[in-house]
Amino acid sequence: MYKLCRTTWRRTQANPANLLCDARKQIDRLRPATVRLASDNGHTFDIMLANRRAEARRSILVQVSSERSFPELTAYCSQFGTIVSSHHYRVGGTSSGFKEDESDCHYILVEFNAPEAADAAMQSAVFNEERPGVRARSIFLWFRAGPKPKLEGKKGHSKREVSSGSLSTVDGSRSIKDMELKDLLLSAESVEDQMKIHYRTCCLNDLGKRLRFLAVRQMESSLQGIFPQAVAYPFGSSVNGYGKIGCDLDISLDLESEAGMKQNRDSRLVYHTKASNVNERSQVQRQLEALGDVLHLFLPGVNSVRRILKARVPIIKYHHEHLDLEIDLTMNNLTGVHMSELLYLFAQIDDRVQPLTCCVRKWAKSVGLTNQAPGYWITNFSLTMLVMYFLQQLNEPILPAINKLVKSATKDDLRLNANHVSCPFLRDVSRLDFKTKNEAKLDELLVQFFEFYAGFDFTQRAISLNLGSSILKPDHSPMYIVNPLETTLNVSKNVNLEETELFRIQVRNALWLLDTHDRSTRTSADDWGLVSLFGNKSIKDRITPQMFFTKRMLDVKDIFADTVGAGTAYKNRTLKQQVANIQKTTREEISKLAKQSDSGLTATGGSVAANTSNGIKLKRKVKRR
């Protein structure tokens, strides 16, 4: 089973000949491997989350001087328990990816075989007396230099053997550079191989998932002292199987995860509680505001806390400097968790879903269809919905309609979100009565995806993953994708008409690139396949909807310019004369209004200072009554 080791991406020099040679060796290693990662293969969403939480519970994160501190660190930590695995990564300002910067911070994630060993390691730690700050216990530690301490076994326990071996991962959080990825893709034998290589090198790796669950554990452990039922649920790209290295982490916090469970009626002792606000939205906003203060003031590693409380979904954004993560925190957003589980389930049904989705996302980013900032463009989530729907509507569907998953669900599959809306769909793929007969390759599916949406009628039809077919649009939104879990909502409501048209233009352009940049007809210097599709072209060279719209002959602000035609070249003399007449008439009207104001204020005992040389400027001094 394939397991990507980031050590292979470290190079001492950027020699093109060496890069190409190394790239071909990587292709030979990657080709026989399967697409799906071994760590989550065959697991349900709940089991995957449970396993990742257990890993985080057994782990600590230690800041070290460099990866060369690993032998000394393992020798010290082995006194607390058996070390199962260790992973190294860097956080800092290295831009080239080939050289090591002195300002980089090095970290080693140490996983023990039992939670008690991790607890013992944290209990042995001391607070920093050199730097003032709030003393807080956490899983984030640093390994200080100095004489090696004497290792003494605890009473009643035999002295454990010092763990030996090497780091499981070196520099595991560094994403592959564009030139490295290009060399690998050009050394492939087909577009299908390129898509598999792109997925394996760019998708979220094992270390990335471990670090994200450490952030989840920190959030839970910091609040469970006062809220024992608090649970932090990760959702989005970090857990649904479509994330890339460096993607943001989305967390939904539930302070009352067991609110619906039955309690002991025989107990006569009841906790006192604070009365909550009747308005649930206001309550969530106030709780997030207070939680933002806790994150900013007390949690180690958390900085740049931003509160966005007036959004449709109130959210807190912050950066974790030790994990090098951007984190979005919401409350009671279990619908996002269930949606992540549904996408994870789709990925488990067929091995081609994840590579195809990641390739489409990369293409959309390279042509400017998606953007990290929120706005009126297509989001990665909407783009993923488009890929899922395409795989449903094929003559031989690769994915079933969501309604089929609902019909196959049992009582054990029932879930409730924050609004008590049921989400009853099948959670275990092994019980699904669906098997595709479609044996199309990845490159064939990519071309079919572009062909399908190049001719899709977005003006009249809406996309429904629940039915696995299109329906008439309920409103006049340029792009309408029915939310699978809340069917009255439109996933792509933010997308405007211009971005919808841009999407159709770009899928047609992608078809042309794949057809004209084929590997069999290229020369040694030409790009082909995904390299031509992901080409970093400048914005001015891209096809945009603005090319098909006539520009305005005149801006309204030009009418009120001080000088006729200032800054504007008029090719039409009649238009220039019309603008001059409008300006003249407008100034005359302003002068009349100024005189009327002057006479009116004089009659009331006020004073006016008028200056009509460049328009009108009034200064009023009227006594208050």
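Our subject is the structure listed above.
Predicted, not measured: the structure shown is a model, and the values here were computed from it. (Residues numbered from 1 in each chain as written. Predicted model: local features only at pLDDT ≥ 70, side-chain atom pairs only at ≥ 80, totals over all residues. Heavy atoms only, no water.)

**Observations regarding the environment of Asp 254**
Mapped onto the elements, Asp 254 comes out in strand 6 (residues 249–254). Separated by 23 residues in the primary sequence, Asp 254 and Val 231 have C-alpha atoms spaced 5.4 Å apart. The residues contacting Asp 254, other than those within four sequence positions of it, are Gln 229, Ala 230, Val 231, Tyr 233 and Asn 332. In terms of polar contacts, Asp 254 uses its side chain to reach the backbone amide nitrogen of Glu 256, at 3.1 Å. (Helix = DSSP H or I, 4+ residues; strand = E, 2+ residues; numbered from the N terminus. Contact = heavy atoms within 4.5 Å. Polar contact = N/O pair within 3.5 Å; in protein donor to acceptor, adjacent residues only side chain to side chain.)

**Some words on a nonpolar patch on the surface**
Nonpolar side chains collect at one region of the surface, where Val 134, Leu 297 and Phe 298 lie side by side and expose about 300 Å² of accessible area between them. Mapped onto the fold, Phe 298 is located in helix 9 (residues 280–298). (Patch = residues over 30% accessible without salt bridge, like charges linked within 9 Å, V, L, I, M, F, W, Y side chains within 5 Å. Areas by Shrake-Rupley, 256 points an atom, 1.4 Å probe, with all protein chains shown as cover. Salt bridge = Lys/Arg side-chain N within 4 Å of Asp/Glu carboxyl O.)

**Here we look at the sheet that holds strand 9 (residues 325–331)**
An order of 5-6-9-8-7 is seen for the five strands of this open sheet, with the pairing classed as mixed. Of all the strands in the sheet, just strand 5 (231–235) and strand 7 (302–308) have a single pairing partner and so form its edges. In this sheet, adjacent strand axes meet at a mean angle of 25° when their direction is disregarded. In the sheet, strand 7 pairs with strand 8 (residues 315–320) via five bridges, with the strands oriented antiparallel. Along strand 8, the bridge assignment pairs Arg 306 with Lys 317. (Pairing = 2+ DSSP bridges. Axes fitted to C-alpha atoms, helices over the stretch in contact; angles between N-to-C directions.)

**Structural notes on the sheet that holds strand 4 (residues 140–142)**
Neighbouring strands of a sheet are bound in pairs by backbone hydrogen bonds; such pairs are parallel or else antiparallel. Pairing in this open sheet of four strands is mixed, and the strands run 2-3-1-4 from one edge to the other. The open sheet terminates on both sides in strands that have one partner only, identified here as strand 2 (83–91) and strand 4. Ignoring strand direction, the axes of neighbouring strands in this sheet form an average angle of 25°. Two strands pair when backbone bridges link them, and strand 2 and strand 3 (residues 105–112) are joined in this way by eight bridges, in the antiparallel orientation. Residue pairing across strands places Ser 85 opposite Glu 111, the latter belonging to strand 3. On top of the sheet, helix 4 (residues 115–124) reaches strand 1 (59–64) and strand 3; it is set at about 40° to strand 1, its chief contact.

**Considering the pairing of strand 8**
Judged by how many residues are buried, strand 8 sits mostly within the fold: five of six residues are covered. Linking strand 7 back to strand 8 in an antiparallel pair, the connection comprises six residues. Across five bridges, the pairing between strand 8 and strand 9 is antiparallel. Note on strand 9: the bridge partner recorded for His 320 is Leu 325. Count of turn residues in the strand 8/strand 9 antiparallel hairpin: four residues, of which Asp 324 carries a positive phi of about 55°. (Buried < 20%, exposed > 50% of the residue type's maximum accessible area, 1.4 Å probe, protein only.)

**Topic: unusual backbone geometry**
A positive phi angle is found at Ser 304, which is not glycine, with a value near 50°. Its location among the elements puts Ser 304 in strand 7. Of note in this structure, Asn 332 is not a glycine but carries a positive phi near 60°. Secondary-structure assignment places Asn 332 in the loop between strand 9 and helix 10 (334–349). Asn 332 gets classed as partly exposed once you look at its relative accessible area, which sits at 26%.

**Some details on the pattern of salt bridges**
Counting across every chain of the model gives 18 salt bridges. Between Arg 57 and Asp 119 there is a salt bridge; the shortest N-O distance is 2.9 Å. You can see Arg 57 sitting in helix 2 (residues 45–57) and its partner Asp 119 sitting in helix 4, a full 62 residues away along the chain. Of the residues examined, Arg 57 reaches a relative accessible area of 33% and is grouped as partly exposed. Close ionic contact of Arg 90 with Asp 104 constitutes a salt bridge, the shortest N to O distance being 3.0 Å. With Arg 90 in strand 2 and Asp 104 in the loop between strand 2 and strand 3, this residue pair connects regions lying 14 residues apart in the sequence. Each of the two residues, Arg 90 as well as Asp 104, counts as buried. Put simply, Arg 52, Glu 55, Arg 58, Glu 111, Asp 206 and Arg 210 are held in one network by salt bridges that share partners.

**Overview of the state of the cysteines**
Overall, the coordinates contain zero disulfides when judged by the stated rule. Its sulfur unpaired, Cys 359 is 8.8 Å from the next cysteine sulfur, which belongs to Cys 358. (Disulfide = S-S within 2.5 Å.)

**Some words on the pairing of strand 5**
Among the five residues of strand 5, four are classified as buried, and the element is accordingly described as predominantly covered. Bridge count for strand 5 against strand 6 is five bridges, and the pairing is antiparallel. Bridging across to strand 6, Tyr 233 finds its partner in Ser 252.

**Looking at the packing of aromatic side chains**
Applying the stated rule across the entire model yields 20 aromatic pairs. Seen in terms of ring centroids, Tyr 453 and Phe 456 are 6.0 Å apart; in terms of plane orientation they differ by 55°. Their pairing is tilted. Classification of Tyr 453 as buried rests on a relative accessible area of 0%. Taking relative accessible area as the criterion, Phe 456 reaches 7% and is therefore assigned buried. Chaining the aromatic ring pairs together yields one cluster made of Trp 363, Tyr 389, Phe 390, Phe 449, Phe 450, Phe 452, Tyr 453, Phe 456, Phe 458 and Phe 503. In this arrangement the basic side chain of Arg 427 is found over the ring face of Phe 425, its NZ or CZ atom lying 3.8 Å from the centre. (Phe/Tyr/Trp six-rings, centres within 6.5 Å; stacked < 30°, edge-to-face > 60°. Lys NZ or Arg CZ within 6 Å of the ring centre and 35° of its normal.)

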